[in-house]
Each structure stands twice: as C-alpha cells, then as structure tokens.
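# A look at the structure
Each chain, letter by letter, is given below.
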Amino acid sequence: MASHWLVKSEPDTYSYDDLERDGRTVWDGVRNFAAASHLKAMKVGDQVLFYHSQEGKDVVAIAQVAREAFPDASDATGKFVAVELAPVRKLPRSVTLAQMKANPALADMPMIRQGRLSVSPVSADEWSTILKMAGE
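An account of the accompanying structure is given in this report. (Residues numbered from 1 in each chain as written. Predicted model: local features only at pLDDT ≥ 70, side-chain atom pairs only at ≥ 80, totals over all residues. Heavy atoms only, no water.)

## Quick notes on helix H5 (residues 124-133)
Applicable threshold: Relative accessibility thresholds used throughout: buried, under 20% of the residue-type maximum; exposed, over 50%; partly exposed, between the two (1.4 Å probe, protein chains only). Secondary structure is summarised from DSSP: a helix means a run of H or I of at least four residues, a strand means a run of E of at least two, and numbering begins at the N terminus for each.
What H5 keeps buried is the set Glu126, Trp127, Thr129, Ile130 and Leu131. At the exit of H5 stands Gly135, carrying a positive phi of roughly 90°.

## Overview of the nonpolar core
Here is the rule: For this analysis, a nonpolar core means a set of buried residues of the types Ala, Val, Leu, Ile, Met, Phe, Trp, Tyr and Cys, connected via side-chain atoms within 4.5 Å. Throughout, a contact is declared for two residues whenever any of their heavy atoms are within 4.5 Å.
Of all hydrophobic cores here, the largest spans 21 residues; its most connected members are Val7, Trp27, Leu39, Met42, Phe50 and Val119. Of all the elements, strand S4 (residues 58-71) adds the most residues to this core, at four residues. Residues in contact with Phe50, not counting those within four places in the same chain, are Val7, Ser9, Tyr14, Ser15, Tyr16, Leu19, Trp27, Asp58, Val59, Val60 and Ala61. Core analysis: the second largest hydrophobic core is formed by 18 residues, Tyr51, Ile62, Leu97 and Ile112 among them.

## Brief notes about unusual backbone geometry
Not every positive phi belongs to a glycine, and Gln54 is a case in point at roughly 65°. As for its position among the elements, Gln54 is in the loop between strand S3 (47-52) and S4. Relative accessible area serves as the criterion here: at 58%, Gln54 is assigned to the exposed category. Residue Lys57 is not a glycine yet carries a positive backbone phi of 50°. Positionally, Lys57 belongs in the loop between S3 and S4.

## Considering the side chain of Asp72
Rules: Side-chain atoms alone can form a polar contact between residues adjacent in sequence; in general such a contact is a pair of N or O atoms within 3.5 Å, and within protein one must be able to donate a hydrogen while the other accepts it.
Here Asp72 shows up in the loop between S4 and strand S5 (81-96). Within the structure, Asp72 has its side chain in polar contact with the backbone nitrogen of Gly29 (distance 2.8 Å). A distance of 2.6 Å separates the side chain of Asp72 from the side chain of Ser74, its partner in a polar contact. Excluding its chain neighbours within four sequence positions, the residues that come into contact with Asp72 are Asp28, Gly29, Val30, Arg31, Phe80, Val81 and Ala82.

## A look at the environment of Pro71
Checked against the element boundaries, Pro71 lands in strand S4. Relative accessible area serves as the criterion here: at 65%, Pro71 is assigned to the exposed category. It is 35 Å that separates the C-alpha atoms of Pro71 and Pro92, two residues lying 21 residues apart in sequence. Residues contacting Pro71, with those up to four places away along its chain left out, are Phe80, Val81 and Ala82.

## Points about the sheet that holds S3
Just so we agree on the cut-off: For two strands to be treated as a pair, DSSP must find at least two bridges joining them. To obtain each axis, a line is fitted to C-alpha atoms, and for helices this fit is confined to the stretch in contact; angles are then taken between N-to-C directions over 0 to 180 degrees.
Reading across the sheet, the six strands line up as S2-S5-S4-S3-S1-S6 and stay open at both edges, with mixed pairing between neighbours. With partners counted over all chains shown, the strands left at the sheet margins are strand S2 (25-27) and strand S6 (119-122), one partner each. Averaged over all pairs of adjacent strands, the angle between strand axes in this sheet comes to 40°, irrespective of strand direction. Set on the sheet, helix H2 (residues 33-41) makes contact with strand S1 (4-9), S2, S4, S5 and S6; between it and S6 the angle comes to about 60°.

See the structure below:
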C-alpha cells in the first residue's frame, strides 16, 4: 500500500513549475534527521503533496516518488539521503497553510505540529481532506 508525504520547497528556489519543466528532480539537501528518516521510508510510486514554503505557503500540486533513497551527493558526511520526485499534477486550487490550520481534521498533521519539518508523512484521511479542500 502506497504512503503519502508532504515536501516543502521555497518556490523561488525550486517550484512545482520547475519540477514540471524538469520532468523529475533529486530531492536533496535535507539535513534534519526526522525529515531524512521520512525520505528513507519513501517508496517508488508514493504520492507527495508539493508545498510552497515562505512565499505562498500552500500545497499546490502532487508529485510522486520516482526513485527511492540513495546517498545525497550534496552531503560530504555521507549521513543523509535523497530521493527523486516526478510531477503528477497541479491541484485545481491551492490549499493554504491558514486553511489547513483552520481544519480540525488536519490538527494532528506532522506538518502542522512541527512546522519546520521539510518532509513529513500524511495519513490517508489527511490526504483525502487536503484533496477535497483543493477541489478534487
């Protein structure tokens, strides 16, 4: 059974439009041990909410894991991993952080409870709730 995840990226650094243009990307540079453990748990085909942080602060699209964890070439210590993500689709409308925080069904979401976490799991119920909020 596939799992669901949320990844954050600053859109001026790497946006979902960039992912669509590139066709896939290496998701590297994660240096938080909790977030890194989530990268290690990702499997090919897992669905991923793509969240624009800093500017926008909203879930804008869905991506999927195209390659499972491998050594992060940007990490000289060799402790951290990366994955590859591929685009799936933009959401009909974005779901803002404020909307997610206001929805009681999302109160226990790791992204809400631990706001600085750049990669986090999303339960099946949370996934469904966010997609409904996005108009799917």
